[in-house]
Amino acid sequence: MADHATVKKAVIPAAGLGTRFLPATKATPKEMLPVVDKPAIQYVVEEAVSAGLDDVLLITGRSKRSIEDHFDRAYELEEALAAKDETERLAQVRESSELAHVEYVRQGDPKGLGHAVSCAEYHVGNEPFAVLLGDDLIDPRDPLLTRMIEVRNARGGSVVALMEVDPEQVSQYGCAAITPTGEDDVVTVTDLVEKPVPGSAPSRWIIIGRYVCDPAVFEVLRNTPPGRGGEIQLTDALKTLAKTSPADGGGVYGILFRGRRYDTGNKLDYLRTLVQFACERSDLAQEIVPWLRKYLDTLP
Ligand code: UTP
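Residues numbered from 1 in each chain as written. Predicted model: local features only at pLDDT ≥ 70, side-chain atom pairs only at ≥ 80, totals over all residues. Heavy atoms only, no water.

(A) Expanded view of the overall build of the chain. When its secondary structure is counted, the chain shows eleven helices and 13 strands. For 300 residues, the compact-globule estimate of 2.2 N^0.38 gives 19 Å, and the chain sits close to it at 20 Å. Seen through its C-alpha atoms, the chain measures out along the principal axes to roughly 60 × 50 × 40 Å. When burial is assessed residue by residue, the chain has 48% of its 300 residues classed as buried. Contacts in the chain between residues far apart in sequence, at least 24 positions, make up 77% of those at least 6 positions apart. Accessible area for the chain stands at about 15,300 Å²; split by element, carbon and sulfur atoms hold 52% of it. Taking the average location of the 34 positive side-chain charges in the chain and that of its 46 negative ones, the two points are 4 Å from each other. (Helix = DSSP H or I, 4+ residues; strand = E, 2+ residues; numbered from the N terminus. Rg over C-alpha atoms; globule rule 2.2 N^0.38 Å. Buried < 20%, exposed > 50% of the residue type's maximum accessible area, 1.4 Å probe, protein only. Contact = heavy atoms within 4.5 Å. Areas by Shrake-Rupley, 256 points an atom, 1.4 Å probe, with all protein chains shown as cover. Lys, Arg positive; Asp, Glu negative; His and termini not counted. Charge placed at Lys NZ, Arg CZ, Asp CG, Glu CD.)

Have a look at this one:
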C-alpha cells in the first residue's frame, strides 16, 4: 500500500434550499425528512461511522436547529420515557446522540455544494476527507465508502462514486470520462461534464453523492468561479483536480458502484425509497406488503 494519509473525517453538507421539496422544506431541511422512522441524515451518519469515520462535520443552513437537536440528548423526552419504562424507545432516542462526534459549521449563504465543502476547511485541515450528501442514501449491504477509502489509501488523489444510467438520463447529471485502471471496479477519471448535451456524454457513468477528497480541493475551490445555476460546483473543482498532477494533490479515481442507492432529495425518488425501506423492514413488512398489493389492485 502506498503511504497516503488515511481518511478520518466525514463532511455532510445539509445546507441546500431543497426547493424541489417545497413546501415540506420551508422550515425543515430535506435531510430531516423521515425515511420510515429515522431522518435521512441519520442513515448517512450511520454509514460514515460504519466506514470508520466517527468525526463528523455537518454543514448546516437556515433551519439547522432540528438537525442539531436530533444529534443531541433530549433530557425531557428521555426522562419521560424512562419514567414509563419505555426502554426500547429510550434506546432509539439516545442512539442518534451517541453515534458519532458531531460538529457543525454554518454555510451562511447557500452558494452551492462546492462552497458548502469549502466551509469545512478549518475543521478538516490538511487531511483527506469524505463528503456524504445528506439526502443520498447508500444501502448498508453495499459498503461503497469503505471501498472508496481503500482506493484513496492505495492510490492517493480524490475518489468519486459513479453509477451507470440509461443514455437518455445522462444529461440530468454530472458525467465522467473514464479510462480503465486494471482493477475491475476502479477507473481513472479524465474529465467531468456537468449535464452534458444529449448525445455528447463521454460515458453513461454519473457522479453520485459520495466523495473522498484530497485537501488540495480547498485551494481549487477558492479559485473555482460560480458555474451552473450561479453556484460553486464541487464537480468543477474535481474536474480541475482530474487534470492536476498527483504531486500537487491531483488525480481523480472513480468507483464503479453497482449497489443500491436511494435518492431522497426529490419527491418521486423519496416516495420510492419509503416504500422500499418499509417493505424490507422486518417489523413492518408483514403488514405493509399485503396492504400494498391490495391497494395496487384497486388502482385503475
Ligand atoms: P442539491 O443539488 O440537491 O440542492 O444539493 P438543494 O438546494 O439542496 O435542493 P434543490 O435542488 O433546491 O431541491 C446537494 C447536497 O448539497 C447540499 C444539499 O443540502 C444537499 O445535501 N448543499 C447544496 C449545501 O449544503 N449547500 C448549498 O449551497 C447547496
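(B) How the structure looks around the pattern of salt bridges. Across all of its chains, the model carries 25 salt bridges by this definition. Close ionic contact of Lys-243 with Asp-191 constitutes a salt bridge, the shortest N to O distance being 3.6 Å. Pair noted here: Lys-243 is in the loop between α9 (234-242) and β12 (252-256) and Asp-191 is in strand β10 (residues 186-194), with a separation of 52 residues, a long-range link. On the basis of relative accessibility, which here comes to 54%, the residue Lys-243 falls in the exposed class. (Salt bridge = Lys/Arg side-chain N within 4 Å of Asp/Glu carboxyl O.)

(C) Focus on the site of the ligand. Taken together, 19 residues surround the ligand, and among them Thr-19, Arg-20, Lys-30, Glu-31 and Gln-107 come closest. Residue Gly-18 places a main-chain N or O atom 3.4 Å away from an oxygen atom belonging to the ligand. Contact between the ligand and Arg-20: an oxygen atom at 2.7 Å from a main-chain N or O atom of the residue. For the ligand, the accessible surface in isolation is 570 Å², of which the surrounding protein chains cover 83%. Of all elements in the fold, only β1 (9-14) and α5 (113-118) reach the threshold of two or more residues within the shell around the ligand. Class assignment for the residues of the shell around the ligand results in eight nonpolar, six polar and five charged. (Near = heavy atom within 4 Å. Polar contact = N/O pair within 3.5 Å; in protein donor to acceptor, adjacent residues only side chain to side chain. Nonpolar A, V, L, I, M, F, W, Y, C, P; charged D, E, K, R; others polar.)

(D) How the structure looks around the side chain of Asp-142. Within the secondary structure layout, Asp-142 lies in the loop between β7 (136-138) and α7 (144-155). Polar side-chain contacts of Asp-142 include one of 2.9 Å to the backbone nitrogen of Arg-260.

(E) Quick look at the state of the cysteines. A complete count under the given rule lists zero disulfides for this structure. Left without a disulfide partner, Cys-213 is nearest to the cysteine sulfur of Cys-119, which lies 14 Å away. (Disulfide = S-S within 2.5 Å.)

(F) Structural view of the environment of Ser-66. Checked against the element boundaries, Ser-66 lands in helix α2 (residues 65-70). A C-alpha to C-alpha distance of 7.6 Å links Ser-66 and Met-32, two positions 34 residues apart in sequence. In contact with Ser-66, not counting residues within four places along its chain, are Pro-29 and Met-32.

(G) Focus on the packing of helix α10 (residues 267-280) against helix α11 (residues 285-298). Put simply, α10 and α11 touch, their axes get as near as 7 Å, and they point 130 degrees apart. When the axes of α10 and α11 are compared, the pair comes out oblique. Each of Val-275, Ala-278 and Cys-279 in α10 lies in contact with α11, whose residues at this interface are Ala-285, Ile-288, Val-289 and Leu-292. For the contact of α10 with α11, the residue count by class is seven nonpolar, no polar and no charged. (Axes fitted to C-alpha atoms, helices over the stretch in contact; angles between N-to-C directions. Parallel < 35°, antiparallel > 145°, perpendicular 65-115°, else oblique.)

(H) Highlighting helix α1 (residues 40-50). For α1, the tally of buried residues reaches nine of eleven residues, placing the bulk of the element in the interior. Among all positions of α1, only Ala-40, Ile-41, Gln-42, Tyr-43, Val-44, Val-45, Glu-46, Glu-47 and Ala-48 are buried. Phi for Gly-52, located one or two positions after α1, is positive at around 90 degrees.

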